Amino acid sequence: MFAPEFPPMTGGISEYSYQLAKILNAIGCLQLVLTNQYQSESIPFKTISPRFKRKLQKYSIEKVSLFRKVFSGIYVCRIRFFLIWHIVTKKLKNPESIFVFTSMFIDLTWLLLRVSQILGIKYIVVLHGLDIIELIKARRSGFLKVIQNAELVIANSYFTKHLLKKLLTLRNLAW
């Protein structure tokens, strides 16, 4: 399962992702949670997260805007490489793995979904109302294709299900 919003981060999506992981773990369907959130506290199931934290203004040179942007860019690239590496290695170790993706509106999730599609990795998408609204606003061209290629789409509420169904109906696509 990939959950960019996961404890210790607070919020609704973070809590929802944690509860979903807890249920999947209880029924024996969860191998691990892959997250970009630094795990400083113990979670009752296996999580993999970057072991490096971004410390702003660690160096006096970072007070200069250009250097801060360069260091931030390097940090973001490290996280992306870390996550792609783990998805690829999990796929190679267990070709039948199915990944669960949450927080679709985050660019990082899109990158990992595209990598999954290229590698032929099966995936499940967990949608929140915010995901659909933000993706429509951003006019993501591959949003509907991602949904259609998913093994399963889980809507976190009736509203989300209704919104997705309405969107697919407008585009003359099957639900």
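Everything below is about the structure printed above this text.
Small disclaimer: the values here were computed from a predicted structure and weren't measured.

Conventions used here
- Every chain is numbered on its own, with residues counted from 1 as its sequence reads.
- Owing to the predicted nature of the model, reporting of local features is limited to residues with pLDDT of at least 70; listing and counting of side-chain atom pairs is limited to 80 or more, with chain, interface and lining totals taken over all residues.
- Note: side-chain values were computed over all heavy atoms of the structure, leaving out hydrogens and water.
- Pairing of aromatic side chains here covers Phe, Tyr and the six-membered ring of Trp, requires ring centres within 6.5 Å, and sorts the geometry by plane angle: under 30 degrees stacked, over 60 edge-to-face, intermediate tilted.
- Helix and strand labels come from DSSP, where a helix needs a run of H or I of at least four residues and a strand needs a run of E of at least two; each type is numbered from the N terminus.
- Relative accessibility decides the category of a residue: with a 1.4 Å probe and only protein chains considered, values under 20% of the type maximum give buried, values over 50% give exposed, and everything between is partly exposed.
- Working definition of a nonpolar core: buried Ala, Val, Leu, Ile, Met, Phe, Trp, Tyr and Cys residues. They are joined through side-chain atoms within 4.5 Å.
- A contact between two residues is defined here by any heavy atoms of the two lying within 4.5 Å.

1. Focus on the packing of aromatic side chains
And then number 1: Tallying each qualifying case throughout the model produces 5 aromatic pairs.
And then number 2: Plain terms: the ring middles of phenylalanine 81 and tryptophan 85 are 6.3 Å apart, the flat faces sit at 25° to each other, and that makes the pair stacked. Of this pair, phenylalanine 81 and tryptophan 85 both sit in helix H2 (residues 65-93), separated by 4 residues, roughly a single helical turn.
And then number 3: Note on phenylalanine 81: relative accessible area 57%, which makes it exposed.

2. Some thoughts on the nonpolar core
And then number 1: Ranked by internal contacts, the top residues of the largest apolar core, which has 30 residues, are Leu34, Leu83, Phe101, Met104, Val125, Leu127 and Phe143.
And then number 2: Only H2, strand S3 (98-101), helix H3 (107-119), strand S4 (122-127), helix H4 (129-138), helix H5 (143-149) and helix H6 (158-170) provide two or more residues apiece to this core.
And then number 3: Looking at which element gives the most residues to this core, the answer is H2, with 5 residues.
And then number 4: Excluding residues that lie within four positions of it along the chain, methionine 104 makes contacts with Thr109, Trp110, Leu113, Val125, Val126, Leu127, Asp131, Leu135, Phe143, Val146 and Ile147.
And then number 5: In this structure, Met1, Leu24, Ile43 and Phe45 belong to the second largest nonpolar core, which totals 14 residues.

3. Remarks on the environment of tyrosine 158
And then number 1: Note on placement: tyrosine 158 falls in helix H6.
And then number 2: Spatially, the C-alpha atoms of tyrosine 158 and glycine 129 are 9.5 Å apart, while their sequence positions differ by 29 residues.

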